[in-house]
Amino acid sequence: MSLHIQTPLVPSDAFSTPTQQVWLKLEALQPSGSFKLRGVGHACEVYARRGARRLLSSSGGNAGLAAAYAGRRLGLPVLVVVPETTAEWPRQLLRRQGAEVIVHGKSWMEANQHLQSLRQPSDAFIHPFDDPLLWEGHASLVHEAAQQGPRPDAVVLAVGGGGLMCGVLQGMHAVGWANVPLVAVETVGADSLRAAIAANHLVTLDAITSVATSLGARCVSEQAFAWTQRHPVVSTTVTDAAALQACFDMEREHRLIVEPACGAAIAALQARQLPLLQNAAHVLVIVCGGACTTYKDLERLASMPARRL
């Protein structure tokens, strides 16, 4: 039995138009709070079968929560190293799942380096986005969607490091959606995929300036960029303000709290600035979720000075 659950695919009257039906794949309902449980859970199961005695994660966000949840279900101890910037609420969620939490460094890079120094031969490191096992697990959401609803004319999702994108595209090709365009959405200030496409090679951003920290990979994975060379991928960005407003819209219309990274995909749909999103009869939006942002967090972010948003 899989660690993740089959999530609903629901039609959204609120986000649809008279000529376009929007379908929401509600990954926010996964037990750990986000789509990450699909890939991370799958990877944890595989590593457990290979003899791993402990699971390691350097993510204080959704990937870390997924690893902690998976470890508890598999009966394996989990060590998560988070940077000092990780808020207290995610730390509490990690400990609630039984994970050992170490706070180290001012960035993910420093936290990850410390984690690697603690790694033992029998440990399995669960990368937050760059692992074929993750992509294989994430692909399962497309297999579900293909059974639950119609073939879409476009798929919309948010991109951080590119793990979700790689898995969704892998799934799309497996179910016969190889010619369905993918709209890859980033927030301004966390747009490493857009920068890579513009330069035609991987680009490392100097810094992440967006409040959508779950999209905060300074460089997208090689596999995500490679997909843009062999699949119709439309890259676009939205502002932090638009992503936050989409989060409030999601709460009001569908009673779900999602984080700004997830709101980015909804914001791009709502704006419909891309001709593709103006003309598509059926649009599938991956509501990727996020357990680390509360409603109060959204209100606090929305109250920040306009220059930040």
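Residues numbered from 1 in each chain as written. Predicted model: local features only at pLDDT ≥ 70, side-chain atom pairs only at ≥ 80, totals over all residues. Heavy atoms only, no water.

Q: Account for the sheet that holds strand 4 (residues 78-82), with residues named and values stated.
A: One open sheet accounts for four strands, arranged 5-4-3-6; its pairing is parallel. Whereas interior strands pair on both sides, the edge strands pair on one side only; in this sheet they are strand 5 (100-103) and strand 6 (123-125). Strand-to-strand twist in this sheet, taken as the mean axis angle between neighbours without regard to direction, amounts to 20°. Looking at chain direction, strand 4 and strand 5 are connected through four bridges and run parallel. Bridge assignment links V82 to a residue of strand 5, and that residue is V103. Across the sheet, helix 2 (residues 62-74) is in contact with strand 3 (54-57) and strand 4; its angle to strand 3 comes to roughly 170°. (Pairing = 2+ DSSP bridges. Helix = DSSP H or I, 4+ residues; strand = E, 2+ residues; numbered from the N terminus. Axes fitted to C-alpha atoms, helices over the stretch in contact; angles between N-to-C directions. Contact = heavy atoms within 4.5 Å.)

Q: For the sheet that holds strand 8 (residues 182-187), give the residues involved together with the corresponding values.
A: Strand pairing in a sheet takes place through backbone hydrogen bonds and is either antiparallel or parallel in direction. Strands sit in the order 1-2-10-7-8-9 across an open sheet of six strands; the sheet is mixed. At either end of the open sheet lies a strand with only one pairing partner, and these are strand 1 (9-17) and strand 9 (233-238). Averaged over all neighbouring strand pairs, the angle between strand axes comes to 25°, with direction disregarded. Here strand 1 pairs with strand 2 (residues 20-26) via five bridges, running antiparallel. Looking at the pairing, V10 lines up with L24 of strand 2. Where helix 6 (residues 140-148) meets the sheet, its contacts fall on strand 1, strand 2 and strand 10 (282-287), and the angle it forms with strand 2 comes to roughly 135°. Relative to the sheet, helix 7 (residues 163-174) contacts strand 7 (154-158), strand 8, strand 9 and strand 10, its axis offset from that of strand 7 by approximately 160°.

Q: Go over the packing of aromatic side chains, please, and point to the residues and values.
A: According to the stated counting rule, one finds one aromatic pair in the structure shown. Ring centres of F248 and Y295 lie 5.6 Å apart, and the angle between their planes is 80°; this geometry places the pair in the edge-to-face category. With F248 in helix 10 (residues 240-254) and Y295 in helix 13 (residues 295-302), this pair connects stretches of sequence that are 47 residues apart. Among the residues examined, F248 registers a relative accessible area of 16% and is labelled buried. Taking the relative accessible area as the measure of exposure, Y295 reaches 32% and is therefore partly exposed. (Phe/Tyr/Trp six-rings, centres within 6.5 Å; stacked < 30°, edge-to-face > 60°. Buried < 20%, exposed > 50% of the residue type's maximum accessible area, 1.4 Å probe, protein only.)

Q: Can you lay out the pairing of strand 8 for me, pointing to particular residues and giving the numbers?
A: Within strand 8, six of the six residues are buried, which leaves the element mostly enclosed by the surrounding structure. Every second residue of strand 8 is oriented toward a common face, with L182, A184 and E186 on one face and V183, V185 and T187 on the other, all of them buried. In this structure, strand 7 lies alongside strand 8, joined through four bridges in parallel fashion. In the sheet register, L157 faces strand 8, and the bridge partner there is A184. Relative to strand 9, strand 8 is paired through six bridges, and the arrangement is parallel. Bridge pairing in strand 9 links E186 to T237.

Q: Explain the packing of helix 10 against helix 13 residue by residue, including any values.
A: Packing of helix 10 against helix 13 leaves a shortest axis separation of 10 Å and a crossing angle of 145°. When the axes of helix 10 and helix 13 are compared, the crossing they make is left-handed. Facing L244, C247, F248 and E251 of helix 10, the residues of helix 13 in contact are Y295, L298, E299, L301 and A302. Partitioned by chemical class, the residues of the contact of helix 10 with helix 13 number seven nonpolar, no polar and two charged. (Left-handed = near helix turned anticlockwise from the far one by under 90°. Nonpolar A, V, L, I, M, F, W, Y, C, P; charged D, E, K, R; others polar.)

Q: Please set out the side chain of Q20 residue by residue, giving values where relevant.
A: The topology assignment puts Q20 in strand 2. Only 2.8 Å separates the side chain of Q20 from the backbone oxygen of L277, close enough to count as a polar contact. Here Q20 is in contact with L269, R272, L277, Q278, A280, A281 and V283, once residues within four sequence places are set aside. (Polar contact = N/O pair within 3.5 Å; in protein donor to acceptor, adjacent residues only side chain to side chain.)

Q: So what about the nonpolar core? Which residues, and what values?
A: Within soluble globular proteins, side chains that are nonpolar tend to cluster in buried spots. Counting residues in each nonpolar core, the largest one holds 97 residues, and the members touching the most others are M165, V168, M172, L182, M250 and V285. Not counting residues up to four positions away in its chain, the partners in contact with V285 are V22, W23, L24, K25, V156, A265, I266 and L269. Among the nonpolar cores identified, the runner-up in size contains six residues, and L79, V81, L115 and F125 belong to it. (Core = buried A, V, L, I, M, F, W, Y, C linked by side-chain atoms within 4.5 Å.)

Q: Please set out empty space enclosed by the protein residue by residue, giving values where relevant.
A: The gaps of empty space that remain are located by a probe, the size of a water molecule, rolled over the atoms. Across all of its chains, the model carries one cavity of 30 Å³ or more by this definition. If you add up the space inside the largest cavity, you get close to 50 Å³. Lining the largest cavity are L9, W23, A145, P150, P152, W177, V283 and L284. A breakdown of the residues in the lining of the largest cavity according to their chemical character gives eight nonpolar, no polar and no charged. (1 Å grid on protein atoms, 1.4 Å probe; cavity = no way out; pocket = protein on both sides within 12 Å on 5 of 7 lines; lining within 4 Å. Points joined across faces, edges and corners; volume = space filled by probe spheres on them.)

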